[in-house]
Amino acid sequence: MNITPLQSIASLLIRRVFKWVILCVVAISGLQAWLNYRAIEHNFNMTVNDVAHAHLPLLSVAIWDIEPQTIQKQIKLILKNTSIAYVVIRANTGQEFIGGDASRTPNGEHIMFDIPSPMDAAKPVGTAEFVVDRSMLKNELWRSLIIVVLGVLVLSIFIFLAVAAILRRDLERPMRQLADFVKNLQANKISTRLELELEPGHVYNEIDLVVDGFHTMQSSIEKHIANQDALVSERTRQLETAIQTLKQLSITDGLTGCYNRLLFNERMPAEIQRAVRYGRDLCVVFCDIDFFKNVNDQYGHAVGDKVLVSFAQSLEKELRAEVDWVVRYGGEEFMIILPETGLKAAIDAATRIREQVELMVISLADGYSLHITASFGVAELRAGDTVETLVHRADQWLYFSKSHGRNQVQPRDGRDDRDDQGIVPEINPATLSEL
């Protein structure tokens with residue numbers, strides 16, 4: 001994973017500010033130097049002209065009166081100006097007066113002035129030649145430039161440091177706090193509020209806009225998460241309801257509402273294990289609607305379905321809620337499971353159901369009604385029984401009931417569900433088709 005090196009915005013701005021400061025220093029120093037040069041040059045020329053105009057009238061009188069000493073005195077006064085290195089006074093009479101340092105003349109600038117006549121200014125009495133030393137001008141220029149550069153540089157450094165401190169305080173620190181907060185923010189702590197440590201006297205700026213935007217984003221995310229949580233909870237509840245419904249449909253007979261054969265196969269082994277483990281009674285009642293095939297053939301399957309539904313309802317009326325349960329075993333055959341119930345109590349319950357079925361009236365179309373009966377076989381759990389043996393024994397008693405006249409419960413009167421020889425009564429297979 002490539003990690004791009006972090007560049008501080010404050011440092012980047014400081015470097016850019018520094019570049020501009022240097023450019024400004026150079027530009028301002030250059031401009032100031034040029035202005036100083038023009039000012040110094042102007043002052044220099046003005047000074048030379050002032051010296052010349054101040055001494056030319058005196059030199060004019062001295063030459064006119066032919067006073068060499070006065071001329072030399074004036075030359076010395078002129079040379080007191082350090083910018084003038086050498087002076088040559090030439091009279092029209094051929095006299096020449098000099099003064100100053102001749103070694104400075106090669107690099108000097110020669111300036112000529114006419115010395116006017118005291119009597120007639122239009123007629124000169126001589127000339128004055130000043131050799132001006134420009135090195136003094138250059139030295140003054142450099143001194144002024146250095147002072148300007150140092151002043152601007154010191155001011156620029158001060159401004160640079162001030163800007164750097166302000167940027168670090170007002171930009172870099174808040175941005176780092178914001179970056180650290182975002183980097184350490186976890187999904188389960190999205191509601192944690194972002195609070196920056198700001199300097200006293202802080203005024204609202206773009207950093208605060210970013211913080212406000214982040215707060216708005218947090219609020220939106222929180223609302224979205226809350227909506228998603230509510231949606232997930234609702235979808236979970238709907239899914240659980242659907243699963244429960246599907247589970248109920250998978251174990252329930254669609255016509256009668258009783259449990260189906262699949263649930264019986266899953267639940268019955270557990271009922272037997274529980275009864276054996278705790279030494280509890282357990283009975284099953286196998287029941288079958290008498291002559292149900294004739295009902296379907298004579299009245300149609302719609303009436304047959306109505307008979308099945310009514311029969312299933314009559315079974316459940318005599319059972320204990322949350323204890324006993326009914327299974328549509330197949331076709332018109334139903335299985336009643338009676339936990340915590342002995343053989344006599346099971347026979348009594350089956351007898352009550354038989355009597356209720358016998359009295360039941362099923363209304364048909366056109367004002368007709370139908371009466372049905374049912375046969376029952378009861379078996380009690382014995383040592384070593386399995387689901388198959390227990391059901392088989394109840395099935396044998398059911399067929400015994402049907403073969404002995406139907407509309408009855410077998411075995412009767414609470415006797416053992418075996419015959420006198422200890423064997424469950426067997427039905428002749430040849431008679432099964434008749435039953």
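Everything numeric in this text was worked out from a predicted model, so none of it was measured. (Residues numbered from 1 in each chain as written. Predicted model: local features only at pLDDT ≥ 70, side-chain atom pairs only at ≥ 80, totals over all residues. Heavy atoms only, no water.)

1. Section: the packing of helix α6 (residues 292–299) against helix α7 (residues 301–317)
1) Next: The geometry of α6 relative to α7 is characterised by a closest axis approach of 7 Å and an angle of 140° between their N-to-C directions. It follows from the interaxial angle that α6 and α7 lie oblique. Contacts from Phe292, Val295, Asn296 and Tyr299 of α6 reach α7 at His301, Val303, Gly304, Val307 and Leu308.
2) Next: Counted by class, the contact of α6 with α7 contains 6 nonpolar, 3 polar and no charged residues. (Axes fitted to C-alpha atoms, helices over the stretch in contact; angles between N-to-C directions. Helix = DSSP H or I, 4+ residues; strand = E, 2+ residues; numbered from the N terminus. Parallel < 35°, antiparallel > 145°, perpendicular 65-115°, else oblique. Contact = heavy atoms within 4.5 Å. Nonpolar A, V, L, I, M, F, W, Y, C, P; charged D, E, K, R; others polar.)

2. Topic: empty space enclosed by the protein
1) Next: One pass over the full model with this rule turns up 1 cavity of 30 Å³ or more.
2) Next: Computed from the structure, the largest cavity encloses a volume of approximately 40 Å³.
3) Next: What lines the largest cavity is Arg169, Asp170, Pro174, Leu198, Glu199 and His202.
4) Next: Looking at side-chain class alone, the lining of the largest cavity contains 2 nonpolar, 1 polar and 3 charged residues. (1 Å grid on protein atoms, 1.4 Å probe; cavity = no way out; pocket = protein on both sides within 12 Å on 5 of 7 lines; lining within 4 Å. Points joined across faces, edges and corners; volume = space filled by probe spheres on them.)

3. With respect to the sheet that holds strand β3 (residues 109–116)
1) Next: Taken together, the 4 strands give an open sheet; going across it, the order is β2-β1-β4-β3, and neighbouring strands pair in antiparallel fashion. Unpaired on one side and paired on the other, β2 (96–100) and β3 mark the two borders of the sheet. Adjacent strand axes in the sheet meet at a mean angle of 15°, parallel and antiparallel pairs treated alike.
2) Next: For strand β1 (residues 84–91) and strand β4 (residues 124–132), the ladder comprises 7 bridges, and the chain directions are antiparallel. Bridging across to β4, Val87 finds its partner in Phe130. (Pairing = 2+ DSSP bridges.)

4. Thoughts on the packing of aromatic side chains
1) Next: Under the defined criterion, the tally for this structure stands at 7 aromatic pairs.
2) Next: Geometrically, the ring pair formed by Phe264 and Trp325 is tilted, given 6.4 Å between the ring centres and 50° between the ring planes. One end of the pair, Phe264, is in helix α5 (residues 261–278); the other, Trp325, is in strand β6 (residues 325–330), and 61 residues separate them in sequence.
3) Next: For Phe264, a relative accessible area of 1% gives the class buried.
4) Next: Judged by relative accessible area, Trp325 falls into the buried class, the value being 2%.
5) Next: Between the NZ or CZ atom of Arg267 and the centre of the ring of Trp325, over which it lies, the distance is 4.3 Å. (Phe/Tyr/Trp six-rings, centres within 6.5 Å; stacked < 30°, edge-to-face > 60°. Buried < 20%, exposed > 50% of the residue type's maximum accessible area, 1.4 Å probe, protein only. Lys NZ or Arg CZ within 6 Å of the ring centre and 35° of its normal.)

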